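These are the residues of each chain, in order.
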Amino acid sequence: MVYMLFDNPADKKNMDFLKDYETCSIKQIYPEHKCNSTKEMIKVCRDCLKQSQNGDIIICWYDFMAVLLWWICKFQRKYRKIIVLNILLKDKNTVKNRIAKFLYKPVLKSKQVKATVTSQNYGKYLNQVLKIQKKYILLHDIYHENYKIECDKKEIDNSVFCGGRNGRDWDFLLKVAKEMPDVTFNCVMPKDKYEQYKQALSKNINVEFDITEQEFLEVMYQSKLIVTPLETEAPAGLIVFFQAGANRKMIITSDTVTTQEYFAEERGVLCGKSIEMWKKKIYYYLRHEEEAEKCARKFEQFLNDNCSEENYAKIISSMI
C-alpha cells in the first residue's frame, strides 16, 4: 500500500490531480487541521503508522514529517519505505538548525528513504552541508493552472511586488526601496514582519498583511515586476514565483542554488547581494517592458514544460 501524508488539510484541493494519473491508487492522508507544532506532526505520523503495514510506502509532502516518521520507525522497530518530497533544510548557525541537521543526516543516509529536490544544485549543496553522498531525484514544484487569475484592475506604472513568508530578506528589500523613491513597492508580508519593520518603511512602500489569496494575487497583478530578495539557498518563494509566471510577471530574485534551476537562460534575473545591482535591474526592466514580457513568457513556458501536474505525477509514480 502507498500512502501520502500531509500536514495541512488545505492542500487537498490542489492534490486532486493525482487521481487522474497512475498515482490514483495512493491513499492521501490529511490531518483534521494544520499541524502547527512538532507534537501535532508526531501524532499524525503515529496515526499513519498504525494504519500501514511493514514494507508499505509512505510519501511525505512536508519534509520534516518524513524525518519524524523515520525516527519513530527506528524507535518502534517498524519498517516503512519513505519518500521525502522536496527537502527544505536550511544552513544556519542556530541551535535549532544544528538540531535539524543532526536529525536529517541519518534519515537521508538511510537506504529505506528516497528524497527529491526541486533543484539539482540544491541537492549538491545539501550533500556538502550534511557531508553525505545522497542521490536525489529532481522533482520541480507543482505549477497549477489555476494560479492564473482574471483581474479587471490596471497595472500601476513604476511599481514592483514582493510578497510571501518563507525566506524573504525584508531588511534588504527595504534598503533597496529606500534608494528608489520614484518606484512604488507593493509588499504583502506577515503581520509580525510588518510590526518589526513598520518604523523603517519609506513613503514609497505599501504594505498589506492578513489578506486573502485572491487579494494577494490582485496586488501582484497590479505590479509591473516581481522583486524578491531571499535570505536562504534552500527553496523559498517558489509558489509565489509560479503564481507570477502564470500571470506573466517578470521576476528579479536572489542568485541561489535553487533559483538557478528556474531562472537560467533569461527566464528571469538573478542578483547578488548588491543594492546597486538590484536598483540597476529594476530600473532597466521597468523601462524595457518588452524585454520583461519576453522573460516572463520564457518562464511561463518552462513551467508548462517542466512543472506540470502530469510531470509531477509521473515522477512520483516512477519513484513508487
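Residues numbered from 1 in each chain as written. Predicted model: local features only at pLDDT ≥ 70, side-chain atom pairs only at ≥ 80, totals over all residues. Heavy atoms only, no water.

Participant: Even after reading the chapter, I still don't get the pattern of salt bridges, so can you show me in this structure?
Facilitator: Two side chains bearing opposite charge may form a pair once their charged atoms approach each other closely. Under the definition given, this model contains 18 salt bridges. Across the salt bridge formed by K224 and D157, the nearest N and O atoms sit 3.8 Å from each other. Placement of K224 in the loop between α8 (213-221) and β10 (225-228) and of D157 in the loop between β6 (137-138) and β7 (159-163) is noted, with a sequence separation of 67 residues between them. Accessibility expressed as a relative area gives 17% for K224, which makes it buried. (Salt bridge = Lys/Arg side-chain N within 4 Å of Asp/Glu carboxyl O. Helix = DSSP H or I, 4+ residues; strand = E, 2+ residues; numbered from the N terminus. Buried < 20%, exposed > 50% of the residue type's maximum accessible area, 1.4 Å probe, protein only.)

Participant: I tried to follow the layout of surface pockets on my own but got confused; where do I start?
Facilitator: Summary: where empty space remains is shown by rolling a probe the size of a single water molecule over the atoms. Of the voids in this model, the second largest pocket is the one considered here, and its volume is about 300 Å³. Lining the second largest pocket we find 18 residues, and of these E155, K224, R248, K249 and E293 sit closest to its centre. For the lining of the second largest pocket, the secondary-structure elements that each account for two or more residues are α11 (275-287) and α12 (289-306). The dominant element in the lining of the second largest pocket, judged by the number of residues it contributes, is α12, at four residues. The residue inventory of the lining of the second largest pocket, partitioned by class, reads nine nonpolar, one polar and eight charged. (1 Å grid on protein atoms, 1.4 Å probe; cavity = no way out; pocket = protein on both sides within 12 Å on 5 of 7 lines; lining within 4 Å. Points joined across faces, edges and corners; volume = space filled by probe spheres on them. Nonpolar A, V, L, I, M, F, W, Y, C, P; charged D, E, K, R; others polar.)

Participant: Explain the environment of K111 here, please?
Facilitator: With respect to the secondary-structure elements, K111 resides in the loop between α4 (95-109) and β5 (113-117). Judged by its relative accessible area of 87%, K111 falls in the exposed class. C-alpha separation for the pair K111 and K81, spaced 30 residues apart in sequence, amounts to 8.8 Å.

Participant: Please clarify how helix α3 (residues 63-76) should be interpreted in this entry.
Facilitator: One turn of the α-helix equals 3.6 residues, which is why residues spaced by three or four share an orientation. The end-to-end C-alpha distance of α3 is 20 Å, a good match for the 20 Å that 14 residues give at a rise of 1.5 Å each. Three or more residues of α3 are buried, namely D63, F64, M65, A66, V67, L68, L69, W70, W71, I72 and C73. If you follow the buried residues of α3, they end up packed against β1 (2-5), α2 (38-51), β3 (57-60), β4 (81-84), α4 and β5. (Expected span 1.5 Å × (residues − 1). Contact = heavy atoms within 4.5 Å.)

Participant: What's the story with the packing of aromatic side chains in this structure? I'm lost.
Facilitator: For any pair of aromatic rings, geometry is given as the distance between the ring centres together with the angle between the planes. A complete count under the given rule lists 18 aromatic pairs for this structure. Measuring from centroid to centroid gives 6.3 Å for Y143 and F242, while their planes differ by 85 degrees, and the two rings are edge-to-face. Pair noted here: Y143 is in the loop between β6 and β7 and F242 is in helix α9 (residues 238-246), with a separation of 99 residues, a long-range link. The same class applies to Y143 and to F242, which are both buried. By the ring-pair criterion, three or more aromatic residues cluster together here, those being Y143, Y147, F241, F242, Y262, F263, F299 and F302. The side chain of R267 reaches across the aromatic face of F302, ending 4.1 Å from its centre. (Phe/Tyr/Trp six-rings, centres within 6.5 Å; stacked < 30°, edge-to-face > 60°. Lys NZ or Arg CZ within 6 Å of the ring centre and 35° of its normal.)

Participant: Looking at this structure, I do not really get the sheet that holds strand β2 (residues 27-29). What am I missing?
Facilitator: Pairing between sheet strands relies on hydrogen bonds along the backbone, with the strands arranged either parallel or antiparallel. Reading across from one edge, β2-β1-β3-β4-β5-β6 is the order of the six strands in this open sheet, with parallel pairing throughout. Two strands in the sheet have a free side with no partner beyond their single neighbour: β2 and β6. Where β5 and β6 come together, two bridges link them in parallel fashion. What sits directly across from V117, in β6, is L138. (Pairing = 2+ DSSP bridges.)

Any link to function would need more than the numbers given here.
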